[in-house]
Amino acid sequence: IEVIPVDHNRWDDYWRPFIRQKRLSTHIKPSLGTCAVFAAVEHFGAEEVGLIGYDAILDGDERWMHDAIAEKRCIESLVDIVDLRRR
């Protein structure tokens with residue numbers, strides 16, 4: 001298994017403005033899926049990312065333990081998203 005290290009300080013700083021203050025919780029950090037997008041951008045220079053299995057983020061599910069709205073906005077600010085569920 002290849003581990004792709006990323007500059008977590010860079011991505012913590014990038015993520016911070018997307019946090020919605022009304023949704024503070026123990027899950028204020030981005031999900032592992034969003035971190036995977038950060039890694040794709042940093043390691044591969046991705047400009048477009050196909051997502052599947054990101055239903056909560058792609059659908060903006062407010063019931064999810066992470067902040068789906070903030071995560072989607074953050075990802076959309078980085079790359080073009082291809083929703084592979086629709087293919």
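Scroll up a little and you will see the structure.
Analysis parameters
- Residues numbered from 1 in each chain as written.
- Predicted model: local features only at pLDDT ≥ 70, side-chain atom pairs only at ≥ 80, totals over all residues.
- Heavy atoms only, no water.
- Salt bridge = Lys/Arg side-chain N within 4 Å of Asp/Glu carboxyl O.
- Helix = DSSP H or I, 4+ residues; strand = E, 2+ residues; numbered from the N terminus.
- Buried < 20%, exposed > 50% of the residue type's maximum accessible area, 1.4 Å probe, protein only.
- Core = buried A, V, L, I, M, F, W, Y, C linked by side-chain atoms within 4.5 Å.
- Contact = heavy atoms within 4.5 Å.
- Axes fitted to C-alpha atoms, helices over the stretch in contact; angles between N-to-C directions.
- Parallel < 35°, antiparallel > 145°, perpendicular 65-115°, else oblique.
- Left-handed = near helix turned anticlockwise from the far one by under 90°.
- Nonpolar A, V, L, I, M, F, W, Y, C, P; charged D, E, K, R; others polar.
- Polar contact = N/O pair within 3.5 Å; in protein donor to acceptor, adjacent residues only side chain to side chain.
- Phe/Tyr/Trp six-rings, centres within 6.5 Å; stacked < 30°, edge-to-face > 60°.
- Arc of directions from axis to C-beta.

The subject of this paragraph is the pattern of salt bridges. Opposite charge on two side chains makes pairing possible when the charged atoms of those side chains draw close. By the definition in use, this model includes 8 salt bridges. Note that Arg 20 and Glu 62 form a salt bridge whose closest N and O atoms lie 3.2 Å from each other. Note that Arg 20 is positioned in the loop between helix 1 (8-15) and helix 2 (32-44) and Glu 62 in the loop between helix 3 (55-59) and helix 4 (68-78), a separation of 42 residues in sequence. The class of Glu 62 is partly exposed, set by a relative accessible area of 42%. Through salt bridges with shared partners, a single network forms among Asp 55, Asp 59, Asp 83 and Arg 85.

Core analysis: the biggest nonpolar cluster contains 18 residues, and Val 37 and Val 79 have the highest contact counts within it. Elements supplying a minimum of two residues to this core: helix 1, helix 2, strand 1 (48-51), helix 3 and helix 4. Once residues lying within four places of it in the same chain are set aside, the contact partners of Val 79 are Val 37, Val 41, Ala 46, Glu 47, Glu 48 and Val 49.

So, on to the packing of helix 1 against helix 2. For the pair helix 1 and helix 2, the least separation of the axes is 11 Å and the interaxial angle reads 125 degrees. Taken together, the axes of helix 1 and helix 2 lie oblique to each other. The interaxial crossing formed by helix 1 with helix 2 has right-handed handedness. Of helix 2, the residues touching helix 1 (which contributes Arg 10, Trp 11 and Trp 15) are Phe 38, Val 41 and Glu 42. Here the residues of the contact of helix 1 with helix 2 are counted per class, giving 4 nonpolar, no polar and 2 charged.

We now examine the side chain of His 66. Mapped onto the secondary structure, His 66 falls in the loop between helix 3 and helix 4. Classification of His 66 as buried rests on a relative accessible area of 13%. Reaching out from His 66, the side chain makes a polar contact with the backbone oxygen of Lys 29 at a distance of 3.3 Å.

Next up on the list: the packing of aromatic side chains. For the structure shown, the criterion picks out 3 aromatic pairs. Residues Tyr 14 and Phe 18 carry aromatic rings whose centres are separated by 5.7 Å and whose planes lie at 35 degrees to one another, so their mutual orientation is tilted. For Tyr 14, a relative accessible area of 27% translates into the label partly exposed. Taken together, Trp 11, Tyr 14, Phe 18 and Phe 38 form an aromatic cluster joined through their ring pairs.

This part covers helix 4. Among all positions in helix 4, only Ala 68, Ala 70, Glu 71, Cys 74, Ile 75 and Leu 78 are buried. Along the long axis of helix 4, the arc covered by the buried residues comes to 160 degrees, so they all point the same way. The inward-facing, buried residues of helix 4 abut helix 1, helix 2, helix 3 and strand 2 (80-83).

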